[in-house]
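Secondary and tertiary structure notes
Chain by chain, the residues:
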Amino acid sequence: MKRHLLAAIVLVAIAASTALGADAVSAAPDFQRLRGLVGRWHGTLEWTGARTDKGEMDAEYSLTGHGTAVVENLVSEGEVVMTSVYHLDGSTLRMTHYCGAGNQPRLRAEPRGDDPRRIRFAFVDATNLADPRAPHVDGVELFFRDPTHVDLSFHFTAPKGDSVERIALTRVS
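A brief structural summary. (Residues numbered from 1 in each chain as written. Predicted model: local features only at pLDDT ≥ 70, side-chain atom pairs only at ≥ 80, totals over all residues. Heavy atoms only, no water.)

**A short note on the pairing of strand E10 (residues 163-171)**
As judged from the 9 bridges shared by strand E1 (residues 39-49) and E10, these two strands associate in the antiparallel manner. Each residue of the ladder has a partner; that of glycine 49, found in E10, is serine 163. Here strand E9 (residues 149-157) hands over to E10 after 5 residues, with glycine 161 in that stretch at a positive phi of 130°. (Pairing = 2+ DSSP bridges. Helix = DSSP H or I, 4+ residues; strand = E, 2+ residues; numbered from the N terminus.)

Next comes the structure, spelled out in C-alpha coordinates:
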(Lines give C-alpha, C1' and ligand atoms only; values in the text may rest on other atoms or scores of the structure.)
Protein backbone atom coordinates (compact mmCIF):
# COMPACT_ATOMS: atom_id res chain seq x y z
CA MET A 1 0.00 0.00 0.00
CA LYS A 2 2.83 2.40 0.89
CA ARG A 3 4.47 1.62 -2.43
CA HIS A 4 1.25 2.53 -4.33
CA LEU A 5 0.90 5.77 -2.38
CA LEU A 6 4.51 6.72 -3.11
CA ALA A 7 4.04 5.92 -6.81
CA ALA A 8 0.91 8.10 -6.91
CA ILE A 9 2.76 11.01 -5.26
CA VAL A 10 5.62 10.70 -7.75
CA LEU A 11 3.19 10.68 -10.71
CA VAL A 12 1.40 13.79 -9.40
CA ALA A 13 4.76 15.56 -8.94
CA ILE A 14 5.83 14.67 -12.49
CA ALA A 15 2.51 15.87 -13.92
CA ALA A 16 2.75 19.14 -11.98
CA SER A 17 6.32 19.82 -13.10
CA THR A 18 5.40 19.04 -16.73
CA ALA A 19 2.48 21.48 -16.54
CA LEU A 20 4.69 24.18 -15.03
CA GLY A 21 7.28 23.58 -17.73
CA ALA A 22 4.61 24.04 -20.41
CA ASP A 23 3.63 27.39 -18.84
CA ALA A 24 7.26 28.51 -18.88
CA VAL A 25 7.52 27.65 -22.55
CA SER A 26 4.30 29.50 -23.42
CA ALA A 27 5.11 32.65 -21.38
CA ALA A 28 8.53 33.23 -22.98
CA PRO A 29 7.24 33.91 -26.54
CA ASP A 30 4.67 36.36 -25.17
CA PHE A 31 7.38 38.18 -23.25
CA GLN A 32 9.56 38.28 -26.38
CA ARG A 33 6.63 39.75 -28.30
CA LEU A 34 6.32 42.47 -25.61
CA ARG A 35 10.08 43.14 -25.90
CA GLY A 36 9.49 43.76 -29.61
CA LEU A 37 7.35 46.80 -28.73
CA VAL A 38 10.43 48.84 -27.72
CA GLY A 39 10.15 52.20 -29.46
CA ARG A 40 7.65 55.00 -29.92
CA TRP A 41 4.03 54.58 -30.93
CA HIS A 42 1.08 56.89 -31.71
CA GLY A 43 -2.62 56.22 -31.96
CA THR A 44 -6.14 56.81 -30.83
CA LEU A 45 -8.10 55.96 -27.70
CA GLU A 46 -11.77 55.40 -27.19
CA TRP A 47 -13.66 54.66 -23.99
CA THR A 48 -16.86 52.60 -24.10
CA GLY A 49 -19.25 51.65 -21.32
CA ALA A 50 -19.86 53.95 -18.36
CA ARG A 51 -17.21 56.36 -19.66
CA THR A 52 -17.24 57.67 -23.23
CA ASP A 53 -14.23 59.73 -24.32
CA LYS A 54 -12.10 59.81 -27.46
CA GLY A 55 -8.68 61.19 -28.14
CA GLU A 56 -5.10 60.54 -29.09
CA MET A 57 -2.47 58.59 -27.19
CA ASP A 58 1.26 58.12 -27.54
CA ALA A 59 3.17 55.20 -26.10
CA GLU A 60 6.83 54.68 -25.34
CA TYR A 61 8.22 51.21 -24.67
CA SER A 62 11.64 50.53 -23.17
CA LEU A 63 13.54 47.77 -21.41
CA THR A 64 14.85 47.88 -17.86
CA GLY A 65 16.59 45.45 -15.50
CA HIS A 66 19.03 44.20 -18.16
CA GLY A 67 16.09 43.42 -20.45
CA THR A 68 14.10 41.49 -17.86
CA ALA A 69 11.17 43.94 -17.85
CA VAL A 70 9.31 45.96 -20.47
CA VAL A 71 8.16 49.44 -19.42
CA GLU A 72 5.10 50.90 -21.16
CA ASN A 73 4.47 54.63 -20.72
CA LEU A 74 1.15 55.88 -22.08
CA VAL A 75 1.36 59.58 -22.85
CA SER A 76 -1.47 62.07 -23.32
CA GLU A 77 -0.77 65.70 -24.25
CA GLY A 78 2.93 65.24 -23.43
CA GLU A 79 2.32 63.81 -19.93
CA VAL A 80 2.81 60.20 -18.86
CA VAL A 81 -0.64 59.26 -17.56
CA MET A 82 -0.16 55.52 -16.96
CA THR A 83 2.77 53.13 -16.78
CA SER A 84 2.75 49.35 -16.94
CA VAL A 85 5.70 47.06 -16.33
CA TYR A 86 5.65 43.55 -17.86
CA HIS A 87 7.97 40.78 -16.64
CA LEU A 88 8.32 37.05 -16.21
CA ASP A 89 7.81 35.66 -12.72
CA GLY A 90 9.16 32.14 -13.04
CA SER A 91 6.83 30.49 -15.50
CA THR A 92 4.24 33.28 -15.48
CA LEU A 93 4.01 36.56 -17.37
CA ARG A 94 2.98 39.39 -15.03
CA MET A 95 2.27 43.07 -15.22
CA THR A 96 1.90 45.88 -12.73
CA HIS A 97 -0.18 48.82 -13.92
CA TYR A 98 0.57 52.20 -12.34
CA CYS A 99 -2.83 53.72 -12.89
CA GLY A 100 -3.92 57.32 -13.19
CA ALA A 101 -6.52 56.39 -10.53
CA GLY A 102 -3.65 56.23 -8.01
CA ASN A 103 -3.53 52.48 -7.44
CA GLN A 104 -1.33 49.70 -8.78
CA PRO A 105 -3.22 46.63 -10.04
CA ARG A 106 -1.12 43.51 -10.48
CA LEU A 107 -2.21 41.14 -13.21
CA ARG A 108 -1.17 37.73 -14.50
CA ALA A 109 -1.31 36.53 -18.11
CA GLU A 110 -3.96 33.93 -18.73
CA PRO A 111 -3.07 30.70 -20.52
CA ARG A 112 -2.59 31.18 -24.22
CA GLY A 113 -5.77 30.77 -26.22
CA ASP A 114 -6.21 29.88 -29.87
CA ASP A 115 -4.81 33.21 -31.11
CA PRO A 116 -1.09 33.68 -30.34
CA ARG A 117 -1.42 37.37 -31.31
CA ARG A 118 -3.45 38.00 -28.13
CA ILE A 119 -2.19 38.29 -24.55
CA ARG A 120 -4.84 38.61 -21.84
CA PHE A 121 -4.10 39.60 -18.26
CA ALA A 122 -6.42 38.96 -15.32
CA PHE A 123 -6.50 40.86 -12.04
CA VAL A 124 -4.61 39.30 -9.12
CA ASP A 125 -4.57 42.09 -6.53
CA ALA A 126 -3.68 45.75 -6.15
CA THR A 127 -1.69 48.00 -3.93
CA ASN A 128 -3.06 51.33 -2.72
CA LEU A 129 -6.64 50.19 -3.42
CA ALA A 130 -8.69 51.64 -0.57
CA ASP A 131 -11.71 49.44 -1.25
CA PRO A 132 -12.21 46.51 -3.69
CA ARG A 133 -15.00 48.54 -5.33
CA ALA A 134 -12.78 51.59 -5.84
CA PRO A 135 -12.06 52.44 -9.49
CA HIS A 136 -9.25 50.26 -10.90
CA VAL A 137 -8.09 48.25 -13.92
CA ASP A 138 -9.10 44.60 -13.55
CA GLY A 139 -8.18 43.24 -16.98
CA VAL A 140 -5.86 44.06 -19.86
CA GLU A 141 -5.53 42.67 -23.37
CA LEU A 142 -2.88 43.27 -26.01
CA PHE A 143 -3.59 42.31 -29.61
CA PHE A 144 -0.64 42.34 -31.99
CA ARG A 145 -2.26 42.99 -35.38
CA ASP A 146 1.10 43.02 -37.18
CA PRO A 147 4.66 44.27 -36.43
CA THR A 148 3.60 47.93 -36.69
CA HIS A 149 0.13 47.85 -35.09
CA VAL A 150 -0.92 46.85 -31.58
CA ASP A 151 -4.22 47.32 -29.78
CA LEU A 152 -4.48 47.68 -25.99
CA SER A 153 -7.71 47.23 -24.04
CA PHE A 154 -7.94 48.18 -20.38
CA HIS A 155 -11.04 46.96 -18.53
CA PHE A 156 -11.79 49.51 -15.81
CA THR A 157 -14.22 48.78 -13.01
CA ALA A 158 -15.83 51.53 -10.93
CA PRO A 159 -18.97 52.02 -8.79
CA LYS A 160 -20.56 54.08 -11.60
CA GLY A 161 -20.11 51.16 -14.01
CA ASP A 162 -17.48 49.34 -16.00
CA SER A 163 -15.68 50.83 -18.98
CA VAL A 164 -13.16 49.69 -21.57
CA GLU A 165 -10.39 51.94 -22.82
CA ARG A 166 -9.25 50.81 -26.27
CA ILE A 167 -5.99 52.18 -27.60
CA ALA A 168 -4.99 51.49 -31.22
CA LEU A 169 -1.27 52.17 -31.74
CA THR A 170 0.95 52.42 -34.82
CA ARG A 171 4.73 52.25 -34.57
CA VAL A 172 6.45 55.62 -35.12
CA SER A 173 10.05 54.51 -34.53
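Moving on from the model shown.
**A closer look at the packing of aromatic side chains**
Evaluated as defined, the whole model comprises 3 aromatic pairs. Residues tryptophan 47 and phenylalanine 156 carry aromatic rings whose centres are separated by 6.0 Å and whose planes lie at 85° to one another, so their mutual orientation is edge-to-face. With tryptophan 47 in strand E1 and phenylalanine 156 in strand E9, this residue pair connects regions lying 109 residues apart in the sequence. Taking the relative accessible area as the measure of exposure, phenylalanine 156 reaches 16% and is therefore buried. A ring pair is formed by tyrosine 86 and phenylalanine 121, whose centres lie 5.7 Å apart and whose planes are at 55°; its orientation type is tilted. Of the two residues, tyrosine 86 is situated in strand E4 (residues 79-89) and phenylalanine 121 in strand E7 (residues 118-127); the sequence distance between them amounts to 35 residues. Judged by relative accessible area, which is 4%, phenylalanine 121 ranks as buried. Here the guanidinium or amino end of arginine 33 rests over the ring plane of phenylalanine 144, the centre of that ring lying 5.1 Å away. (Phe/Tyr/Trp six-rings, centres within 6.5 Å; stacked < 30°, edge-to-face > 60°. Buried < 20%, exposed > 50% of the residue type's maximum accessible area, 1.4 Å probe, protein only. Lys NZ or Arg CZ within 6 Å of the ring centre and 35° of its normal.)

**With respect to the sheet that holds E7**
Strands sit in the order E1-E2-E3-E4-E5-E6-E7-E8-E9-E10 around a closed barrel of 10 strands; the barrel is antiparallel. Shown here is a sheet whose adjacent strand axes are inclined to one another by a mean of 25°, direction ignored. (Axes fitted to C-alpha atoms, helices over the stretch in contact; angles between N-to-C directions.)

**Comments concerning the side chain of glutamate 72**
Topologically, glutamate 72 is positioned in strand E3 (residues 69-76). No salt bridge is formed by the buried glutamate 72; its nearest oppositely charged neighbour, arginine 171, is found at 12 Å. In this structure the side chain of glutamate 72 is engaged in a polar contact, spanning 2.7 Å, whose partner is the side chain of tyrosine 61. With residues up to four places along the chain from it excluded, the contact list for glutamate 72 reads Glu60, Tyr61, Met82, Thr83, Ser84, Tyr86, Leu152 and Phe154. (Lys, Arg positive; Asp, Glu negative; His and termini not counted. Salt bridge = Lys/Arg side-chain N within 4 Å of Asp/Glu carboxyl O. Polar contact = N/O pair within 3.5 Å; in protein donor to acceptor, adjacent residues only side chain to side chain. Contact = heavy atoms within 4.5 Å.)

**Describing the environment of alanine 101**
Among the structural elements, alanine 101 can be located in the loop between strand E5 (92-98) and strand E6 (104-109). When the C-alpha atoms of alanine 101 and valine 81 are compared, they prove to be 9.6 Å apart, with 20 residues separating the residues in sequence.

**Description of the pattern of salt bridges**
All chains considered together, the criterion is met by 9 salt bridges. Taking the shortest distance from any N to any O, the salt bridge between aspartate 125 and arginine 106 comes out at 2.7 Å. Here the residue aspartate 125 occupies a position in strand E7, and arginine 106 occupies one in strand E6, the gap between them amounting to 19 residues. By relative accessible area, which is 29% here, aspartate 125 ends up partly exposed.

**What to know about the nonpolar core**
Leu34, Phe121 and Leu142 are the most contacted members of the largest nonpolar core, which has 32 residues in total. Excluding residues within four positions of it along the chain, leucine 34 makes contact with Val70, Tyr86, Leu93, Ile119, Leu142 and Phe144. (Core = buried A, V, L, I, M, F, W, Y, C linked by side-chain atoms within 4.5 Å.)

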